[in-house]
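# Observations on the three-dimensional arrangement
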Amino acid sequence: MPSRCEICCELLIAILLPPLGVCFRHGCCSVEFCICLLLTLLGYLPGIIYALYAIVFIDRDEYFDEYRRPLYVA
């Protein structure tokens, strides 16, 4: 679980460069990053909104525990 300082830094970066903030949290080859990059290319404001959502509300650890991992992860 990231600390409050890490989240604040990621939020500030997400406001300036939305895909970079998502990349710091979820990695650069994740679905969240690709969605954020696409939204930022289509419009800067939708990219910021999605980046803030991806940083604050999406918890990657929830999806990668042993019992609830996706089928495509071997």
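Within an unreviewed UniProt entry, the label attached to the chain reads Proteolipid membrane potential modulator, and the organism entered is Parasponia andersonii. Turning to the chain, the UniProt record has this under Sequence similarities (unreviewed entry): "Belongs to the UPF0057 (PMP3) family." One UniProt comment on the chain, placed under Subcellular location (unreviewed entry), says "Membrane".

### Here we look at the overall build of the chain
Check the secondary structure of the chain and you find five helices and zero strands. Listing each helix as α and each strand as β along the chain from the N terminus yields α-α-α-α-α. For the chain, the proportion of its 74 residues judged to be buried stands at 27%. Of the accessible surface of the chain, which amounts to about 5,500 Å², a share of 71% is contributed by carbon and sulfur atoms.

### What to know about the pattern of salt bridges
What the rule picks out here adds up to one salt bridge. Here Glu 10 ties to Arg 25 by a salt bridge, and the two come within 2.7 Å at their closest N and O atoms. Placement of the pair is Glu 10 in helix 1 (residues 4-16) and Arg 25 in helix 2 (residues 18-26), with a sequence separation of 15 residues. Residue class for Glu 10 comes out buried when judged on its relative accessible area of 11%.

### Here's the deal with the packing of helix 2 against helix 3 (residues 31-42)
With their axes 9 Å apart at the nearest point, helix 2 and helix 3 run at an angle of 175° to one another. One way to sum up the angle between helix 2 and helix 3 is to call them roughly antiparallel. Across the interface between the two elements, Pro 18, Pro 19, Val 22, Cys 23 and His 26 from helix 2 touch Glu 32, Phe 33, Cys 36, Leu 37 and Thr 40 from helix 3. By residue class, the composition of the contact of helix 2 with helix 3 is seven nonpolar, two polar and one charged.

### What to know about helix 4 (residues 44-56)
In a regular helix each residue adds 1.5 Å, so 13 residues correspond to 18 Å; helix 4 covers 18 Å between its end C-alpha atoms and thus fits that length. Of the residues making up helix 4, those classed as buried are Gly 47, Ile 48, Tyr 50, Ala 51, Ala 54 and Ile 55. Looking at the packing, one finds that the buried side of helix 4 touches helix 1, helix 2 and helix 3.

### Description of the state of the cysteines
Using the criterion set out here, one finds zero disulfides in the structure. In this model Cys 28 remains outside any disulfide bridge; the closest cysteine sulfur is found in Cys 29, 4.1 Å from its own. Taking relative accessible area as the criterion, Cys 28 reaches 46% and is therefore assigned partly exposed. The exposed category is assigned to Cys 29, whose relative accessible area is 75%.

About the thresholds
Residues numbered from 1 in each chain as written. Predicted model: local features only at pLDDT ≥ 70, side-chain atom pairs only at ≥ 80, totals over all residues. Heavy atoms only, no water. UniProt positions renumbered as here; feature names shortened; annotations may be inferred. Helix = DSSP H or I, 4+ residues; strand = E, 2+ residues; numbered from the N terminus. Buried < 20%, exposed > 50% of the residue type's maximum accessible area, 1.4 Å probe, protein only. Areas by Shrake-Rupley, 256 points an atom, 1.4 Å probe, with all protein chains shown as cover. Salt bridge = Lys/Arg side-chain N within 4 Å of Asp/Glu carboxyl O. Axes fitted to C-alpha atoms, helices over the stretch in contact; angles between N-to-C directions. Parallel < 35°, antiparallel > 145°, perpendicular 65-115°, else oblique. Contact = heavy atoms within 4.5 Å. Nonpolar A, V, L, I, M, F, W, Y, C, P; charged D, E, K, R; others polar. Expected span 1.5 Å × (residues − 1). Disulfide = S-S within 2.5 Å.

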